[in-house]
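Notes for the structure review
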Amino acid sequence: MVKVIEKNCIGCNACIRTCPVPTANRYDGNIVHINPTECIQCGECIKHCLHGARDYEDDIERFLNDI
């Protein structure tokens, strides 16, 4: 799952510019938040964030436990 590290986000909008889903991010003050119902988890925002404000949380173990 893609997550935001708020302390690193400076609101540069690189994540918004590279995201293929226009409604997957929302700008709130100086931080760009993820809209979890719209995000397709493609990771483009992680690749393009130069500030380390986006990361990926591996949830495969939780997924496997749920099945």
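Check the entry above for the structure.
An account of the accompanying structure is given in this report. (Residues numbered from 1 in each chain as written. Predicted model: local features only at pLDDT ≥ 70, side-chain atom pairs only at ≥ 80, totals over all residues. Heavy atoms only, no water.)

**A closer look at the overall build of the chain**
Across its full length, the chain holds 3 helices and 4 strands. Counting only C-alpha atoms and orienting by the principal axes, one finds that the chain spans roughly 40 × 25 × 20 Å. Every one of the 67 residues in the chain was classed for burial, and the buried ones make up 28%. Considering only residue pairs separated by 6 or more positions, the chain has 53% of its internal contacts joining residues 24 or more positions apart. Roughly 4,700 Å² of accessible area belongs to the chain as shown, and the carbon and sulfur atoms make up 52% of that amount. (Helix = DSSP H or I, 4+ residues; strand = E, 2+ residues; numbered from the N terminus. Buried < 20%, exposed > 50% of the residue type's maximum accessible area, 1.4 Å probe, protein only. Contact = heavy atoms within 4.5 Å. Areas by Shrake-Rupley, 256 points an atom, 1.4 Å probe, with all protein chains shown as cover.)

**Focus on the pairing of strand 3 (residues 31-34)**
A two-sided burial pattern is seen for strand 3, the buried positions comprising Ile 31 and His 33 on one face and Val 32 and Ile 34 on the other. As judged from the 4 bridges shared by strand 2 (residues 25-28) and strand 3, these two strands associate in the antiparallel manner. Directly across from Tyr 27, in strand 3, lies its bridge partner Val 32. Following strand 2, the chain reverses through 2 residues before pairing antiparallel with strand 3; Gly 29 in that reversal takes a positive phi of roughly 70 degrees. (Pairing = 2+ DSSP bridges.)

**Observations concerning the side chain of Asn 25**
Position of Asn 25 relative to the elements: it lies in strand 2. Within the local environment of Asn 25, its side chain forms a polar contact with the side chain of Arg 54, the two groups lying 2.9 Å apart. (Polar contact = N/O pair within 3.5 Å; in protein donor to acceptor, adjacent residues only side chain to side chain.)

**Some thoughts on the side chain of Arg 54**
Topologically, Arg 54 is positioned in strand 4 (residues 54-56). Nearest to the buried, unbridged Arg 54 among oppositely charged side chains is Glu 6, at 9.7 Å. From its side chain, Arg 54 meets the backbone oxygen of Val 32 in a polar contact 3.3 Å long. (Lys, Arg positive; Asp, Glu negative; His and termini not counted. Salt bridge = Lys/Arg side-chain N within 4 Å of Asp/Glu carboxyl O.)

**Observations concerning a nonpolar patch on the surface**
Among the surface-exposed residues, Ile 60, Phe 63, Leu 64 and Ile 67 lie close enough to one another that they form a single nonpolar patch of about 450 Å² accessible area. Looking at where Ile 67 falls in the secondary structure, it is placed in the segment after helix 3 (60-66). (Patch = residues over 30% accessible without salt bridge, like charges linked within 9 Å, V, L, I, M, F, W, Y side chains within 5 Å.)

**Here we look at the pattern of salt bridges**
Inspection of every chain in the model, using the stated rule, returns 3 salt bridges. Here Arg 26 and Asp 28 are joined by a salt bridge, their closest N and O atoms 3.9 Å apart. Taking relative accessible area as the criterion, Arg 26 reaches 46% and is therefore assigned partly exposed. In this structure, Glu 44 and Lys 47 form a salt bridge, with 2.9 Å as the shortest nitrogen-oxygen distance. One end of the pair, Glu 44, and the other, Lys 47, are both in helix 2 (residues 44-48), 3 residues apart, so they sit about a helical turn from each other. Taking relative accessible area as the criterion, Glu 44 reaches 24% and is therefore assigned partly exposed.

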